[in-house]
Amino acid sequence: MSSAKSPSSQSSPLPIPLAEVGQYSCGLTLVFVLASTCWVLLPYTGDLFAALVFLMAIVVVGTWWNRGPVLMMAVVSALVWNYFFIPPQYTLHIEKPQDVVMFSLFFIVALSMGHLITRLRAREATLAQHHQEREHLLAEKHRAELLAESERLHRTLLDSVSHELKTPIAIIRTALDGLGQGNPYAIEINTATRRLQRIVESFLEMTRAESEALEPQPDWCEIGDVLHTATAPIQQELAAHKLQITGTENMPLLRLDSRLLAQVLGNLLHNATRYAPAGTAIEIHATLANGTLELRVRDHGPGLPLGSEDHLFEKFYRAPDSPAGGTGLGLAIARGLMLAMKGDIEAHTHPEGGAEFVLHLPVKTRSAA
């Protein structure tokens, strides 16, 4: 017993577009109108006139219609010309050899013209599309060049302004030393100067991180020295937190750029001090496996805002409800420096609370003995 095929297993033909259906209808109507006109003029023009009119109509519609309606019109025109105009009329039989040749030529020419014209239209459409794509690519290239030039000028401006600010900041710090600790305004001025100096250094580090001139200079060092270099400039910020460092006790000598890694850790630690409540711990855990140094920096603050993980490392990005005073460059600089050292950095909210940043850095190792 043969089983019936389900409707889904039978392939149905693709539907003809409505516009093409209209072309078929118009083609049949046009053949009818032209045939009627030529029939009226037949005593004065002869049967060849009708053939020329049909060919002209095929050429004209071929410049606008799809291939199917044009070829249909060519076939119908040839049959109508044969049936109504070539003797003997009202039959598809042709008696004279010259009329057979004429009909065959008409049929071939009509089909060829319809086919060639539709191919020319398709080629023109393809060329027009390629031209549009080329214009689009040129516009995108021009836009990319403008963006690159704008970014270059932006970095140049930041670098220039940052260098210009370093001198007055140094003068202010020198003047602070002369005021002495007893001056009631010295603490406020010192805090503001440290903040301004950090902003200037962030601008400088950002321009260096985005510049091809930044070349890491790896050397043998101890991870403890890197951590000391990272924490020394932010002792005042870290004073309100307990810094817990684990995993560094038996770490061998590492070949890496200690200055750049210290800058990355310093930015992460400074970020943690801004978001974690005073009195909470900031943890640094180090591991070494398969030639990759992993450093985890975790705070016990509110964690990362939902959906901010993909934007944290963008320039000038600041999460909602961020404390006032930030520039949004610290994490972008950290990512740029890690990429320059062939490493990377990721961030997430720790399962037990707080934000956690994980550094991955390929290193060479050597025993300290």
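Residues numbered from 1 in each chain as written. Predicted model: local features only at pLDDT ≥ 70, side-chain atom pairs only at ≥ 80, totals over all residues. Heavy atoms only, no water.

All right, on to a nonpolar patch on the surface then. A surface patch of nonpolar side chains, amounting to about 990 Å² of accessible area, comprises W39, V40, L41, Y44, F49, L79, Y83, F84, Y90 and L92. The element best represented in the nonpolar patch is helix α1 (residues 18-45), accounting for four residues. Note on placement: L79 falls in helix α3 (residues 67-85). (Patch = residues over 30% accessible without salt bridge, like charges linked within 9 Å, V, L, I, M, F, W, Y side chains within 5 Å. Areas by Shrake-Rupley, 256 points an atom, 1.4 Å probe, with all protein chains shown as cover. Salt bridge = Lys/Arg side-chain N within 4 Å of Asp/Glu carboxyl O. Helix = DSSP H or I, 4+ residues; strand = E, 2+ residues; numbered from the N terminus.)

Here helix α2 (residues 47-62) spans 23 Å end to end across 16 residues, near enough to the 22 Å set by a 1.5 Å rise per residue. By the burial criterion, the buried members of α2 are A50, A51, V53, F54, L55, A57, I58, V61 and G62. (Expected span 1.5 Å × (residues − 1). Buried < 20%, exposed > 50% of the residue type's maximum accessible area, 1.4 Å probe, protein only.)

A word on the packing of helix α6 (residues 223-231) against helix α8 (residues 258-275). Here α6 crosses α8 at 50°, and the two axes come no closer than 8 Å. When the axes of α6 and α8 are compared, the pair comes out oblique. At the point where α6 passes α8, the crossing takes the right-handed sense. Across the interface between the two elements, I223, V226, L227, T229, A230 and T231 of α6 pack against S258, L261, A262, L265, G266 and L269 of α8. When its residues are assigned to classes, the contact of α6 with α8 shows eight nonpolar, four polar and no charged. (Axes fitted to C-alpha atoms, helices over the stretch in contact; angles between N-to-C directions. Parallel < 35°, antiparallel > 145°, perpendicular 65-115°, else oblique. Left-handed = near helix turned anticlockwise from the far one by under 90°. Contact = heavy atoms within 4.5 Å. Nonpolar A, V, L, I, M, F, W, Y, C, P; charged D, E, K, R; others polar.)

Quick look at the confidence of the model for the chain now. Of all residues in the chain, 78% attain a pLDDT of 70 or more, and the chain-wide mean is 80. Taken element by element, the chain is modelled with least confidence in helix α5 (residues 186-210), mean pLDDT 68, and with most confidence in strand β5 (residues 292-298), mean pLDDT 96. For residues 1-11, every residue scores under 50 in pLDDT, and the model assigns this stretch one contact once sequence neighbours within four places are set aside. (pLDDT = per-residue confidence, 0-100.)

In space, the three strands of this open sheet follow the order β1-β3-β8, with antiparallel pairing throughout. The open sheet has two free edges, formed respectively by β1 (219-221) and β8 (364-366), since each of these has just one partner strand. Along the sheet, successive strands turn relative to each other by an average axial angle of 30°, direction set aside. Sheet topology places β1 next to strand β3 (residues 253-256); three bridges connect them, and they run antiparallel. (Pairing = 2+ DSSP bridges.)

What follows deals with the nonpolar core. One recurring pattern in soluble globular proteins is that nonpolar side chains are buried together. In terms of nonpolar packing, the biggest core is built from 41 residues, with L256, L261, L265, L293, F357 and L359 touching the most fellow members. Where this core is concerned, the elements lending two or more residues are α6, β3, α8, β4 (281-289), β5, α9 (330-340), β6 (344-349) and β7 (355-362). Sort the elements by how many residues they give to this core and α8 lands first, with eight residues. Excluding its chain neighbours within four sequence positions, the residues that come into contact with F357 are L268, N271, L295, R296, V297, L312, F313, L331, I345, E346 and A347. (Core = buried A, V, L, I, M, F, W, Y, C linked by side-chain atoms within 4.5 Å.)

Looking now at the packing of aromatic side chains. Given two aromatic rings, one states the distance between the centres and the angle between the planes to describe the pair. In total, this model carries six aromatic pairs according to the counting rule given. Between W39 and F85, the aromatic rings sit 6.2 Å apart at their centres with planes inclined by 70°, giving edge-to-face as the arrangement. With W39 in helix α1 and F85 in helix α3, this pair connects stretches of sequence that are 46 residues apart. For W39, a relative accessible area of 35% puts it in the partly exposed group. Exposure remark for F85: the relative accessible area of 3% places this residue in the buried category. (Phe/Tyr/Trp six-rings, centres within 6.5 Å; stacked < 30°, edge-to-face > 60°.)

A word on the pairing of β3. Bridge analysis of β3 against β8 gives three bridges, and the strand direction is antiparallel. When the bridges of β8 are listed, R255 appears paired with K364.

Pairing is mixed in the open sheet, where five strands are placed in the order β2-β4-β5-β7-β6. A single partner strand is all that each edge strand has here, and the edge strands are β2 (242-246) and β6. The sheet shows a mean angle of 15° between the axes of neighbouring strands, direction not considered. Two strands pair when backbone bridges link them, and β4 and β5 are joined in this way by seven bridges, in the antiparallel orientation. From the neighbouring strand, I284 faces β5, where its bridge partner is V297. Here α8 sits on the sheet and contacts β2, β4, β5, β6 and β7; the angle it forms with β7, its principal contact strand, is near 175°.

Going from P87 to P88, the amide bond is cis rather than trans, its omega being -5°. On the secondary structure map, P88 appears in the loop between α3 and α4 (97-179). Its identity as a non-glycine residue notwithstanding, Y90 has a phi of 65°, on the positive side. Take Y90: it is sitting in the loop between α3 and α4.

A separate point is α1. Taking 1.5 Å of rise per residue, the 28 residues of α1 would be expected to cover 40 Å, and the 38 Å separating its terminal C-alpha atoms lies within 8% of that figure. By the largest-angle criterion, W39 marks the main kink of α1, which is about 40°, and a proline, P43, follows within four residues. Among all positions of α1, only E20, Q23, G27, V31, L34, A35, C38 and L42 are buried. At its buried positions, α1 is contacted by α2 and α3. (Bend = angle between axes of the 7 residues up to and from the residue.)

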